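Architecture and fold: a report
Chain by chain, the residues:
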Amino acid sequence: MRTLYLDAFSGISGDMMIGVLLDLGVKIEDLKAELQKLHLTGYSLSAQKKPKNAIYGTDFDVVLDHGSKDTGFVEHHHDHHHGGARHLTEILTIIKNSDLSEKIKRQASGIFTEIGKAESQVHQVPLNEVHFHEVGALDSIVDIVGSCIALDLLHVDHIKCSTISDGSGFINVAHGQMPVPVPAVMQMRVGTSIPIKQRTDVHTELITPTGMGIVKVLVDSFGTISETEAVEKVGYGFGKRDTGGFNALRAMIFDRSASRRTIATTQDQVAVLKANLDNQTGESLGYAAKRLFEAGALDVFLTPIQMKKGRPGQLLTVIASANQVTKFTQLILKNTATKGVRYQIVKRTIMQRKEIVLPTDYGDVHLKIAQFNGMVKATPEYDDVAHFAMQSGETFDYIQTRLKALIDTKISQTDL
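Residues numbered from 1 in each chain as written. Predicted model: local features only at pLDDT ≥ 70, side-chain atom pairs only at ≥ 80, totals over all residues. Heavy atoms only, no water.

1. Focus on the overall build of the protein chain
A count of helices and strands for the protein chain gives 11 helices and 19 strands. Relative to its full complement of 416 residues, the protein chain shows a buried share of 49%. Of the contacts made within the protein chain by residues no fewer than 6 positions apart, 71% connect residues no fewer than 24 positions apart. A total accessible area of about 20,200 Å² is found for the protein chain, and carbon and sulfur atoms account for 50% of it. (Helix = DSSP H or I, 4+ residues; strand = E, 2+ residues; numbered from the N terminus. Buried < 20%, exposed > 50% of the residue type's maximum accessible area, 1.4 Å probe, protein only. Contact = heavy atoms within 4.5 Å. Areas by Shrake-Rupley, 256 points an atom, 1.4 Å probe, with all protein chains shown as cover.)

Structure, rendered in structure tokens:
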């Protein structure tokens, strides 16, 4: 599994995110080609490799034909008829009608929706009236969609993030002073356990709403890097604000399938969401479970229960990343008949895992390996077992038993 680790010691923004992904190896030409699938004009991309405090990184910028950047979402709904504005619904339609992959469309739309909901709540504006100024909208579309594209080009399977630093004090905007963290960023923390610490030595904003939206939707877990992880590459994406120090987002790529000595456990937190259901068909429950898995749930399962008045029912349990409570609560309410969702944040310990390919008499079999203090659990991929069974004419159980015996022998003879 290819993992991206974000070391957000100086916050996060859209341009910092794209900058660090370019620094990790994404080609600017590939990013431009994918962004053309949005069918938008009026901008160009700038990416410069440069030193900051004698450390080289990438400074990414969206250069707009109209002139300077705007601040993004409009704060007062009485301006919403302004001709140079894009409403949230229009931006979502642009993404939907693009030629991008469904995965990138889903991710980018999710980020914009999270930011829109936060702004709607903070400024008491109906969600369908939340909008960007034209210039700010274009810049934000490129930053958000570009981040999703760059992650896909880098073939990232999992994103982990450190505690995110923000500044303190106040920043001045068109409508006056705004406290740091800015209200939209604070609002997006509701229903999550995203770890943020404020730096009293920095008197400006470090986490932008765009950066927070990217974290809320795309980051799978939070914490530190395991001491045993083999880092493949390190990159830096520079920020634009003058913090009086080193303003950059650092990121690392490591591939767990390439790490041959992963023996420690990892501790993190997950959300466990539950709902009791007694008036829904099996087909619709199966559809709901499918949607939850597609949205990134770690696990989804149903348990038979007895409800009021002796009615048979099902307990739906969803396990998800701790920072995605709001997202999965909404999905459960939308796709099931329940009127309420219970949840709690729990700690878990998981064995470090990797994937390898093992040659056998049947062919190459893909294995999932889990290790801890000399204990090894190895499981052959279902698709490989099924393929070998059909190819050989043997039963699935026979092939699985043979492969497990070969795997056990390999484990006893070598260090997987």
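2. As for the pattern of salt bridges
Scanning the model with the defined rule gives 16 salt bridges in all. For Glu 34, the salt bridge identified is with Lys 37, shortest N-O distance 3.0 Å. By relative accessible area, which is 28% here, Lys 37 ends up partly exposed. Among the ionic pairs, Lys 103 bridges to Asp 152, the shortest N-O distance being 3.7 Å. Taken together, the positions of Lys 103 in helix H4 (residues 102–123) and Asp 152 in helix H5 (residues 134–153) put the pair 49 residues apart, joining distant regions of the chain. Here the salt bridges do not stand alone but share partners, grouping Asp 15, Lys 50, Asp 59 and Lys 240 into one network. (Salt bridge = Lys/Arg side-chain N within 4 Å of Asp/Glu carboxyl O.)

3. Describing helix H10 (residues 382–392)
Restricting attention to buried positions, one finds in H10 the residues Asp 384, Val 385, Ala 386, Phe 388 and Ala 389. Phi turns positive, to about 85°, at Gly 393, one or two residues after H10.

4. Some remarks on the pairing of strand E3 (residues 55–64)
Sheet topology note: the strand E2 (residues 43–52)/E3 ladder contains 10 bridges and is antiparallel. By the bridge assignment, Leu 45 is partnered in E3 with Val 62. Linking two consecutive strands that pair antiparallel, namely E2 and E3, is a turn of 2 residues; a positive phi of about 55° is found at Asn 53 within it. (Pairing = 2+ DSSP bridges.)

5. Digging into unusual backbone geometry
Cis geometry is found at the peptide bond from Val 180 to Pro 181, where omega equals 0°. Looking at the secondary structure, you find Pro 181 in the loop between strand E9 (176–179) and helix H6 (183–188). With a phi angle near 60°, His 39 is a residue other than glycine that sits in the positive phi range. Residue position: His 39 is located in the loop between helix H2 (28–35) and E2. A positive phi angle, near 60°, is found at Lys 309, a position not held by glycine. Among the secondary structure elements, Lys 309 is positioned in the loop between strand E15 (299–306) and strand E16 (312–321).

6. Thoughts on the environment of Asn 128
Of note, Asn 128 is situated in the loop between H4 and strand E5 (131–133). Considered as a pair, Asn 128 and Leu 88 are 40 residues apart in the sequence and their alpha carbons are 6.6 Å apart. Asn 128 has contacts with His 87 and Thr 89, leaving out every residue within four places of it along the chain.

7. Considering the packing of aromatic side chains
Summed over all chains, the structure comprises 5 aromatic pairs. Centre to centre, the rings of Tyr 362 and Phe 388 are 5.9 Å apart; their planes meet at 20°, and the pair counts as stacked. With a gap of 26 residues between them, Tyr 362 in the loop between strand E17 (342–359) and strand E18 (364–372) and Phe 388 in helix H10 connect regions that are remote in the sequence. Looking at Phe 388, the relative accessible area reads 4%, which means it is buried. Between Tyr 382 and Phe 396, the ring centres sit 5.4 Å apart and the planes meet at 40°, which makes this aromatic pair tilted. Here Tyr 382, found in helix H10, pairs with Phe 396, found in helix H11 (residues 396–413); they are 14 residues apart in sequence, far enough to count as distant. Using a relative accessible area of 27% as the deciding quantity, one classes Phe 396 as partly exposed. (Phe/Tyr/Trp six-rings, centres within 6.5 Å; stacked < 30°, edge-to-face > 60°.)

8. Details of the nonpolar core
Ranked by internal contacts, the top residues of the largest apolar core, which has 68 residues, are Leu 4, Leu 6, Leu 21, Val 145 and Ile 164. Among the elements that make up this core, the one with the highest residue count is H5 (10 residues). If we ignore the near neighbours within four places in the chain, the residues touching Val 145 are Leu 35, Leu 38, Ile 95, Leu 100, Ile 104 and Ala 108. In terms of nonpolar packing, the next biggest core, distinct from the first, is built from 17 residues, Leu 273, Ala 275, Ala 295 and Leu 331 among them. (Core = buried A, V, L, I, M, F, W, Y, C linked by side-chain atoms within 4.5 Å.)

9. Topic: the confidence of the model for the protein chain
Taken as a whole, the protein chain shows an average pLDDT of 86; of its residues, 88% reach a score of 70 or greater. The spread of mean pLDDT over the elements of the protein chain runs between E5, the lowest at 64, and helix H1 (residues 14–23), the highest at 97. Predicted confidence is poor over residues 68–84, with pLDDT under 50, and the contacts of this stretch with residues over four places away or in other chains come to 40 contacts. (pLDDT = per-residue confidence, 0-100.)

10. Structural notes on the environment of Ser 98
Inspection of the secondary structure puts Ser 98 in the loop between helix H3 (88–96) and H4. A C-alpha to C-alpha distance of 9.4 Å links Ser 98 and Leu 35, two positions 63 residues apart in sequence. Here Ile 95 takes part through its backbone oxygen, which lies 2.7 Å from a polar atom of the side chain of Ser 98. (Polar contact = N/O pair within 3.5 Å; in protein donor to acceptor, adjacent residues only side chain to side chain.)

11. Side note on the packing of H3 against H4
Their axes nearest at 10 Å, the elements H3 and H4 cross at an angle of 175°. Looking at the two axes, H3 sits roughly antiparallel to H4. Between H3 and H4, the residues in contact are Leu 88, Ile 91, Leu 92, Ile 95 and Lys 96 and Lys 105, Ala 108, Ser 109, Phe 112, Thr 113 and Gly 116, respectively. Here the residues of the contact of H3 with H4 sort into 6 nonpolar, 3 polar and 2 charged. (Axes fitted to C-alpha atoms, helices over the stretch in contact; angles between N-to-C directions. Parallel < 35°, antiparallel > 145°, perpendicular 65-115°, else oblique. Nonpolar A, V, L, I, M, F, W, Y, C, P; charged D, E, K, R; others polar.)

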